[in-house]
Amino acid sequence: MLAKLWTNFGISNVSKSFGNYPILDRIDLEFNRGSFICVLGPSGSGKSTLLDLIAGFERPTSGAIRLGLEEIRSAGPDRVVVFQDVSNALFPWLTVRENVEFGISRLPRAERQQRVARVLEMVNLANHTNKFPSELSGGMKQRVQIARGLAMEPDMLLMDEPFGALDAITRKKLQTDLKSLWEETGKTIFFVTHDIEEALLLATEIVVLSTGPGARVKEWIRRDQIPQDPATVEYVAMKTRLERALDIDEDH
Ligand SMILES: Nc1ncnc2c1ncn2[C@@H]1O[C@H](COP(=O)(O)OP(=O)(O)OP(=O)(O)O)[C@@H](O)[C@H]1O
């Protein structure tokens, strides 16, 4: 199958309600292929709902999400989702290798094995292929989930607070590794997080949703506005701006 050729990922005037209850209100964003998009927002603002719309698990009430000219109407292997809760995402009775192979079982054996070896190498799990999930740390389990997604060779990785349940040191390591992986593969990544520093470390685009119901885009920080060095005034100023956008400064 030919990889779909698209260069732009557009969320055009998208609103979503559940019944009469508005969740998202006219979200309008456009990104280049290969962007690392981090979405911040208060709890309940609709970050996961937006991710579900991109995944094709839900349909917008109005507006459209497009990859190039093609509208997303359902889930597809070109977009894989990585969840925070790994315990439900992995099969406990399958080894690391078998878990990763699961999504590509229809491929010929040789190609399957090649892909599995490649992605396990990418996530630094090449030495743990025969272990079961119960023998792995939380961080390693999350690496398996990422490898399983990558094995499907998607255009886009949709990650819903993937490191939210990990301890601080493991989280840092996985952030750095994900950044390298993104640089290496050029995948488009849509990443939901609560963590401003995580967004500043990873993102080429940062979107902040406002408090719902009917959340809108409160901030959209573009690639060239995101400071890279935490030791600079610009970085601290951007952090403060994002904290204000999330209103978390008012709690302290
Ligand atoms: N299938 C559904 N049916 C009805 N309401 C829903 C459904 N899915 C989500 N909601 C509601 O939509 C709102 C937004 O939820 P969502 O999980 O998208 O927010 P979030 O920003 O990801 O929150 P958090 O940061 O707490 O994970 C919530 O009020 C939630 O209860």
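Residues numbered from 1 in each chain as written. Predicted model: local features only at pLDDT ≥ 70, side-chain atom pairs only at ≥ 80, totals over all residues.

### As for the overall build of the protein
A count of helical and extended segments in the protein gives eight helices and ten strands. By residue count, 35% of the 252 residues in the protein fall in the buried class. The contacts of the protein with a sequence gap of at least 6 include a subset with a gap of at least 24, amounting to 70%. (Helix = DSSP H or I, 4+ residues; strand = E, 2+ residues; numbered from the N terminus. Buried ≥ 20, exposed ≤ 12 C-beta atoms within 10 Å, placed from the backbone. Contact = placed C-beta atoms within 7 Å.)

### Description of the environment of E161
Position of E161 relative to the elements: it lies in the loop between β7 (156–160) and α6 (168–185). Counting along the chain gives 60 residues from E161 to E101, while the straight-line C-alpha distance between them is 24 Å. Among all residues touching E161, those that are not within four sequence positions of it are Q84, V192, T193 and H194.

### A word on the domain arrangement of the protein
The assigned domain composition of the protein is domain 1 (8–78 + 156–235 + 246–252) and domain 2 (89–153). Computed over C-alpha atoms only, the centres of domain 1 and domain 2 are separated by 25 Å. Across the contact, eleven residues belong to domain 1 and seven residues belong to domain 2. Of all the elements, α6 adds the most residues to the side of domain 1 that touches domain 2, at five residues. Grouping the constituent residues of the side of domain 1 that touches domain 2 by class yields eight nonpolar, one polar and two charged. (Domains from an automatic or database assignment. Nonpolar A, V, L, I, M, F, W, Y, C, P; charged D, E, K, R; others polar.)

### Some points on the packing of helix α4 (residues 109–122) against helix α5 (residues 138–151)
The geometry of α4 relative to α5 is characterised by a closest axis approach of 9 Å and an angle of 135° between their N-to-C directions. As far as their axial angle goes, α5 and α4 are oblique. Two packed elements cross with a definite hand, and for α4 against α5 that hand is right-handed. Contacts between α4 and α5 pair R115, V116, V119, L120 and M122 from the former with A147, L150 and A151 from the latter. Its residues assigned to classes, the contact of α4 with α5 shows seven nonpolar, no polar and one charged. (Axes fitted to C-alpha atoms, helices over the stretch in contact; angles between N-to-C directions. Parallel < 35°, antiparallel > 145°, perpendicular 65-115°, else oblique. Left-handed = near helix turned anticlockwise from the far one by under 90°.)

### Describing the sheet that holds strand β9 (residues 205–209)
Here six strands make up an open sheet; going across it, the order is β6-β7-β8-β3-β9-β10 and the pairing mixed. Only two strands of the sheet have a single partner each, and these edge strands are β6 (79–82) and β10 (217–221). In this sheet, adjacent strand axes meet at a mean angle of 15° when their direction is disregarded. Here four bridges tie strand β3 (residues 36–40) to strand β8 (residues 188–192), and the two strands are oriented parallel to one another. By the bridge assignment, V39 is partnered in β8 with V192. (Pairing = 2+ DSSP bridges.)

### A closer look at the environment of L53
Here L53 shows up in helix α1 (residues 47–55). Here the alpha-carbon distance between L53 and R244, two residues 191 residues apart in the chain, equals 27 Å. What L53 contacts, discounting residues up to four positions off in sequence, is V14, K16, E58, P60 and I65.

### A short note on α4
For α4, which comprises 14 residues, the first-to-last C-alpha distance of 20 Å matches the rise-based estimate of 20 Å (1.5 Å per residue) to within 8%. Where α4 is concerned, the buried positions are V116, V119 and L120. Viewed along the axis of α4, the buried residues span an arc of 100°, placing them on a single side of the element. Exposed side chains of α4 directed beyond 90 degrees from the buried face belong to A110, E111, Q114 and E121. Buried positions along α4 lie against α3 (96–102) and α5. (Expected span 1.5 Å × (residues − 1). Arc of directions from axis to C-beta.)

### Regarding the pairing of β8
In terms of burial, β8 is largely enclosed, as five of its five residues are buried. Taking every second residue as pointing to the same face, both faces of β8 are buried, with T188, F190 and V192 on one and I189 and F191 on the other. Of the pairings in the sheet, the one linking β7 to β8 comprises five bridges and is parallel in character. Looking across to β8, one finds that D160 is bridged to V192.

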